[in-house]
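# Understanding the architecture of this molecule
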Amino acid sequence: MVYNNFDELVSRVKGYPTMKRMAIAAAGEEHTLQAALHARRDKIAKPILVGDIEKIHAILKKLGEEVPEEDIYAAADNKEAAELAVSLVREGKADFLMKGYLDTKVILKAVVNKETGLQKGGLMSHFSMFEVPGYKKILVPVDGGMVAYPTLDQKKAIIENTVDTLRSMGYDCPKVGVLTCVEKVNPKMPETVEAAQLAQMNKDGEIKNCIVEGPISYDCAMDKEIANLKNYESQIAGDVDVLIAPNIHAGNIMGKMLTVTCKARMAGFVVGAKCPIVLTSRGSSADEKFLSIAVSAAATQ
């Protein structure tokens, strides 16, 4: 299966028999609480709020909402809020983690702590989903948020993280394009060499449960007719699920072009830890935060 849009995904998560529990670090921020309460109303996730209690209560009052006192935890500062939220997941009191109004580095420091964090020992990467006007299904471009200049092994890990996440959400065999600016291997362009190596790893069974092609240009990946015009033989052209960016700059620019210029809706979180970590920007809209919660809840099934 695949998701054609976020409405399909949200509807599916609403049908799950139990709500997942979400620990929010530094929860005293209006958009964050709006998104969390939206998820609670839709029976997608139960929010557990960690942070400045007075600020949290003030926003809840403004929104005309209530959260049981047993689901609100006091923290003196953002560092303590991050550590406490992480501990709730470790103790089995929450199923996944969400960043509230604090710096990304603060929550990630708590996550990667070797003694008290949520690392599994492998690479953590950023997972993002986009509902793009003009494309027939949800698109997953990665990694535009975590791994700056991935090596070949890190690109392999990013593909595996992404494919594992999609399969946990119900996908059967995701179609993965390793992006470059050309469709042929050029020894002077190491990105094309690595793309071909990743495709060969897939053919050899080293990268499983997906179809990987590369090097492939964005236009061939997204449009079958263009691929045909370029005589690019492909199983995924025009039907790609995942786009692997060569580095964080390309991934980040691609994501911002899709949202700002193409008006795509997006959701994102960090994968590769012991649970999904909703890591939206402090300036993200309530809708983006809500969708990121819904996608994370889907990935915990």
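Residue indices begin from 1 for each chain and proceed along its sequence in written order. Given that the model is predicted, a residue must reach a pLDDT of at least 70 before its local features are reported, and side-chain atom pairs must reach 80 or more before they are shown or counted; all residues, however, enter totals for whole chains, interfaces and linings. Side-chain descriptors were evaluated using all non-hydrogen atoms of the structure, hydrogens and water having been removed beforehand.

In the nomenclature of an unreviewed UniProt entry, the protein corresponds to Phosphate butyryltransferase from the organism Blautia liquoris. UniProt positions are given in the numbering used here, feature names are shortened, and annotations may be inferred rather than shown by experiment. You can read under Sequence similarities (unreviewed entry) in the UniProt record for the protein the words "Belongs to the phosphate acetyltransferase and butyryltransferase family."

### Describing the sheet that holds strand E3 (residues 72-74)
Between any two strands, at least two bridges found by DSSP are needed for them to pair. Helix and strand assignments come from DSSP, with helices taken as H or I runs of at least 4 residues and strands as E runs of at least 2, each series counted from the N terminus. Strand order across the open sheet formed by seven strands is E3-E2-E1-E4-E11-E10-E5, with mixed pairing between neighbours. Whereas interior strands pair on both sides, the edge strands pair on one side only; in this sheet they are E3 and strand E5 (125-131). Where strand E1 (residues 20-25) and strand E2 (residues 45-51) come together, six bridges link them in parallel fashion. Considered in E2, the bridge of Lys20 is made with Ala45. Any two residues whose heavy atoms approach within 4.5 Å at even a single point are treated as in contact. Helix axes are fitted only over the stretch in contact, all axes being lines through C-alpha atoms; the angle between N-to-C directions runs from 0 to 180 degrees. Contacts from helix H5 (residues 104-112) reach E1, strand E4 (96-99) and strand E11 (277-278), with the element oriented near 155° to E4.

### Thoughts on unusual backbone geometry
Residue Asp143 is bonded to the preceding Val142 through a cis peptide linkage, with omega at -5°. Topologically, Asp143 is positioned in the loop between strand E6 (140-142) and helix H6 (152-168). The omega torsion of the bond from Gly214 to Pro215 falls at 0°, within 30 degrees of zero and hence cis. Counting through the fold element by element, Pro215 comes out in strand E8 (residues 211-216). A positive phi angle, close to 60°, is found at Ala26, a residue other than glycine. Checked against the element boundaries, Ala26 lands in the loop between E1 and helix H2 (30-41). Of note, Lys263 is a non-glycine position whose phi angle comes to about 60°, a positive value. As for its position among the elements, Lys263 is in the loop between helix H10 (248-261) and strand E10 (265-271).

### Things to note about the pairing of E2
Relative accessibility under 20% of the residue-type maximum defines a buried residue, over 50% an exposed one, and the middle range a partly exposed one, all with a 1.4 Å probe and only protein chains included. Across the seven residues of E2, six count as buried, placing the element largely inside the fold. The β-α-β motif built from E1, the intervening H2 and the parallel element E2 has right-handed crossover chirality. Of the strand pairs in this sheet, E2 and E3 are connected by three bridges, and their pairing is parallel. Bridge pairing in E3 places Val50 opposite Tyr73. With the strands aimed away from the viewer, a crossover counts as right-handed if its path from the first strand over the helix to the second runs clockwise. Taking the sense of rotation as the criterion, the β-α-β connection linking E2, helix H3 (residues 53-63) and E3 turns out right-handed.

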